[in-house]
Every structure is written in C-alpha cells, then in structure tokens.
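Inside the fold
Residue-level listing of the chains:
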Amino acid sequence: DFFTEDLWAHLPPAWQPVLASANPAQLASLLGGRRGPGAAWPLSLLAFAAAARALAFPRESPGRSPGRSPRPPCQSSQLHPLLRRHVKPKKQHEIQRLGELLQRLSQATGCQRVVDVGAGQGHLSRFLAFGLGLQVTAVESDGRLVGLAERFDQELLRELGKIRGPAPRRLPLGPLTPRPPQHVAGRLDAVTPWGEFLLPPDPPGPGPAARNPLGGPEGSEDGGRVLVTGLHACGDLSSALLCHFTHSPAVAAVALAGCCYMKLSTAPQPPGCPPGYPLSALVAALPGHQLSYRAREAACHALEEYEGRLREDSPHLRAHCYRAMLESVIRAADPCKRHLGLQPGRKAHTLSFPQYARLGLPLAGLDPAGVPLDSEAVRAMREQQHKVVAFCTLGQLLAPVVETLILLDRLLYLRERGFHCALVPLFNPRFSPRNLVLVAARTPLATVLAGLDKYSEDED
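Residues numbered from 1 in each chain as written. Predicted model: local features only at pLDDT ≥ 70, side-chain atom pairs only at ≥ 80, totals over all residues. Heavy atoms only, no water.

Per an unreviewed UniProt entry, the chain goes by rRNAD protein and derives from Chloropsis hardwickii.

**Considering the sheet that holds strand E2 (residues 135–140)**
Reading across from one edge, E3-E2-E1-E4-E5-E7-E6 is the order of the seven strands in this open sheet, with mixed pairing throughout. This sheet does not close on itself; its edge strands, each paired only once, are strand E3 (182–185) and strand E6 (420–425). Neighbour-to-neighbour, the strand axes of this sheet turn through a mean angle of 15°, independent of strand direction. With eight bridges joining them, strand E4 (residues 226–234) and strand E5 (residues 251–259) adopt parallel strand pairing. In the sheet register, cysteine 234 faces E5, and the bridge partner there is cysteine 259. Relative to E3, helix H7 (residues 143–162) is tilted by about 170°, and along the sheet it contacts E2 and E3. (Pairing = 2+ DSSP bridges. Helix = DSSP H or I, 4+ residues; strand = E, 2+ residues; numbered from the N terminus. Axes fitted to C-alpha atoms, helices over the stretch in contact; angles between N-to-C directions. Contact = heavy atoms within 4.5 Å.)

**Quick notes on the packing of aromatic side chains**
A full pass over the atoms with the stated rule returns eight aromatic pairs. Relative to phenylalanine 48, the ring of tryptophan 15 has its centre 5.4 Å away and its plane inclined at 50°; by these criteria the two rings are tilted. Taken as a pair, tryptophan 15 in the segment before helix H1 (16–21) and phenylalanine 48 in helix H3 (residues 43–55) lie far apart in primary sequence, 33 residues in all. A relative accessible area of 9% means that tryptophan 15 is categorised as buried. Judged by centre distance (5.3 Å) and plane angle (45°), the ring pair of tyrosine 322 and tyrosine 356 falls under tilted. Taken as a pair, tyrosine 322 in helix H12 (residues 318–333) and tyrosine 356 in helix H13 (residues 353–363) lie far apart in primary sequence, 34 residues in all. A relative accessible area of 3% places tyrosine 322 in the buried class. An aromatic cluster of three or more residues is present, and its members are Phe2, Phe3, Trp8 and Phe391. Between arginine 442 and the ring centre of phenylalanine 245, over which it is positioned, the NZ or CZ distance is 4.7 Å. (Phe/Tyr/Trp six-rings, centres within 6.5 Å; stacked < 30°, edge-to-face > 60°. Buried < 20%, exposed > 50% of the residue type's maximum accessible area, 1.4 Å probe, protein only. Lys NZ or Arg CZ within 6 Å of the ring centre and 35° of its normal.)

**Details of the pattern of salt bridges**
For the coordinates displayed, the defined rule picks out 20 salt bridges. Linking arginine 331 and aspartate 1 is a salt bridge whose minimum nitrogen-to-oxygen distance equals 3.0 Å. Taken together, the positions of arginine 331 in helix H12 and aspartate 1 in the segment before H1 put the pair 330 residues apart, joining distant regions of the chain. Exposure remark for arginine 331: the relative accessible area of 13% places this residue in the buried category. Taking the shortest distance from any N to any O, the salt bridge between glutamate 196 and arginine 211 comes out at 2.6 Å. Of this pair, glutamate 196 sits in the loop between E3 and E4 while arginine 211 sits in the loop between E3 and E4; the two residues are 15 residues apart in sequence, bridging distant segments of the chain. Classification of arginine 211 as partly exposed rests on a relative accessible area of 41%. Through salt bridges that share partners, Asp1, Arg294, Arg323, Glu327 and Arg331 make up one connected network. (Salt bridge = Lys/Arg side-chain N within 4 Å of Asp/Glu carboxyl O.)

**Focus on unusual backbone geometry**
That bond from alanine 267 to proline 268 is cis: its omega, 0°, falls within 30 degrees of zero. For proline 268, the location among the structural elements is in the loop between E5 and helix H9 (281–284). Omega for the peptide link from tyrosine 277 to proline 278 comes to -5°, which places this bond in the cis form. As for its placement among the helices and strands, proline 278 is situated in the loop between E5 and H9. One non-glycine residue with positive phi stands out, namely histidine 86, at about 65°. Relative to the helices and strands, histidine 86 resides in the loop between helix H4 (81–84) and helix H5 (89–109). Taking the relative accessible area as the measure of exposure, histidine 86 reaches 42% and is therefore partly exposed.

So, in structure tokens, the structure goes:
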C-alpha cells in the first residue's frame, strides 16, 4: 500500500527528509540500536526506535553479543547423521534445541510420553523418539504429510538395521533407539481441543476418527500424563494447546513456538468459539489492545534478517518496492483487486520490474499486454525505492513489539490460572525468526530452564 495509500505522507514531516536521505547502513543502525544513525536525526525518531526496542521481549540470549553478523547455518553436529536426512539446517537447529528442552521437561515431570501437535513430516517427533528414546505421538492435520513421515520412519529403521555397533564416538547423543513415533492423522477442535476424538484430517483419510492422544479434562486414556509440544504451531493452534493444558490434568507441561500470527482469530467471536487473541483477562480489558491483520502479519517478519540485508545493501530490498509498484499497477487496472496473495517468484530481486510484473499480473487475473509497465508513473515509483525501504524499516522496528503483546497475553493467561510459565529465546533468531518458546508446567521450572540461556554453538 506504499503508493496506493501514499504512506510516506503519513510519516511525521520532520522524519521524512532524514529517512529519504538515509543510506541502508544508517537504517540498519536505527534498527539494531547499537550505533546512533546520526546526531542530525530528529529526537522523536530516535525516541520512537528506542521505545520500540525497550517494549519488546529480548530475542537474544543473555550474555551473547547482539552484533554478530548473520551467516547461514550448516549441518548440526548435535544430531545423528540419520536424523539430518530430509531436514534443512534451520530445522536441525530447532529440533535439537527444542528436543533438549523437552528432555529436561521429561526428567523434571517424570513423563516419557510426548505429543507433537502439527508434526508435519515428523522431523521433531523422529528426533524425540529415535534420538532421545521418548514415547512420541505425532498429530498432523494433513494426511499426506502423515504418510510422508511414516515413510521417513521406515527409511530410518532400514538404515538402523544396517548399522552394527554404537554410533561414532564424536556423536554426543549415542546410538539411536529403534522405536519410531506413532503418527495420527487428525485436527484438534479449536473450541474443545480436549475432546475425546480428533477432527478428520484434511484431506480426509479412510477409517474412523482417531482418538485424541492428549486425553480429556479427566485424564488421558491410560491414566498417564503427557508433554505437549508444537514447533511453530500455526495461528490458533498454539492458543488451543494452551487452553487444553489449562483444562486437562493429563498434560503435565507444554513447550510451544508459535507462528503465523495473522491467522489468529480475534474477538469478538461467535458463542462457544474463543479467540486466539486475546486469551488473558488483563489484555482483553486494556483499551486499544486490538491488533489488525496488518499488525499481526508484520509481527511475523524477520528483524535480524532485514537488518542484515540493510547492512549489506542487498538486492533483495528492491522486492518491497516491486510489490508496492505492482499493487499500484493492479489497482489502476482493476480497483476491485486489492491485497492479493501474489508470489511472482523467490528471485524477484534479480528481475527488472517489467519482468516481475509479467509474472505477477497473470496471478491477479490480468493480461500483462494490456497494462503499461514502462510509463512515467511506473518509473517515478521505481525511483522511490529508498523511501519504501526506509518505511519498511520502521515497520520492522514495530514487529517485535506486536509479537511481544501476543506472547505476553499468553503468559498472562497462564499466570491468571496459577501455572508456572516462562518465555525462552531458545533458537538463534538469525536462523529462526520465531525463536521465543513458551514453556508452561504445573510445577516450578527453575531446574528445567537452568543452563538454557545460550544457543547451541554447533553451527560450525
């Protein structure tokens, strides 16, 4: 909407000239807050940036230097080679760190059973079961992913059958346990996630509805207790799992990393349908607590990655301007088309704008041949890329603040009900932007969290 709604004009007049003349390195300094962008910058702008940083939960672990330059992760030395198969380095980092936390929760609570909700292809479940010896049930709503996860399990079992003797000594986790996770196709009911049965998967599979491995408010099926986890549980799924935890004594503890905040349902909701945000009574009573779709979507942005692109003056930055230009072109051709979910390609920054638009316009149902792509108006927008980047930088400053409000609401919801909870910057934010993991239990967490104040240093 930068051009279609003239967003630049909405900025304070004193900010506009300094932001328009700022180079990417200066914008990166404004974003990172480690070096002042310049004495000539308006005090109100510097105060805005400082307030945004002060109001956000720290994303770095204590004792770590925040100025390390981004670098791509590589294979994790903390995972058995067989557990790295089909797993991208980012996910390797996440499952190793979350697995360590769940192992600590298992030892502290005496629970050997873990339910991984939204398990996808089962990478975390596979590490917990094969690598850590836990009894794991993986719940996934997409039946196709369930089939793929089971195929990966069988592939790993076949490889284990070929191995003689223990794992190499350099591997700290030792030999793998030949006990795969149990995979269940189904969805939790967001209204009553503690129901007896799971909702049918999507697409529906054969057979009757699966029983809920979490158990109901009275306890699980076998009378045992479980740990619940969700690695980047999307939208309302995180909220539903927290509601389940508070209602069901069968769940001893939870460890959740949320994502896709734009998919959260918000109040007011129909009767019997609790919102995903706000959960707590305190936040619900705050004037102005409401979050727009745009704010929730912005909360999912990767601040550290954007700062790195600014410092490098990366060509990726032009993609923001291209998308804003494309929105203006689409609106001019058809005013009814707004905010379409267009993805002209991951390498948009390597294209000229006409090339980019010729890929994007058909996705909007428009013929590129009938749309002027080299007009004076288009060229004028292209020359304002530096303003688009500066405006996006201000949005990046606010992204952690919005995420903080959402996560603080979840913490308060648990505290209001008397549970022990904490928020842990478990993942390296340069690898995993949604790096804050919410941990909650019915007993104190001090022994569980001791020593988890640093990221794993295995990205060598």
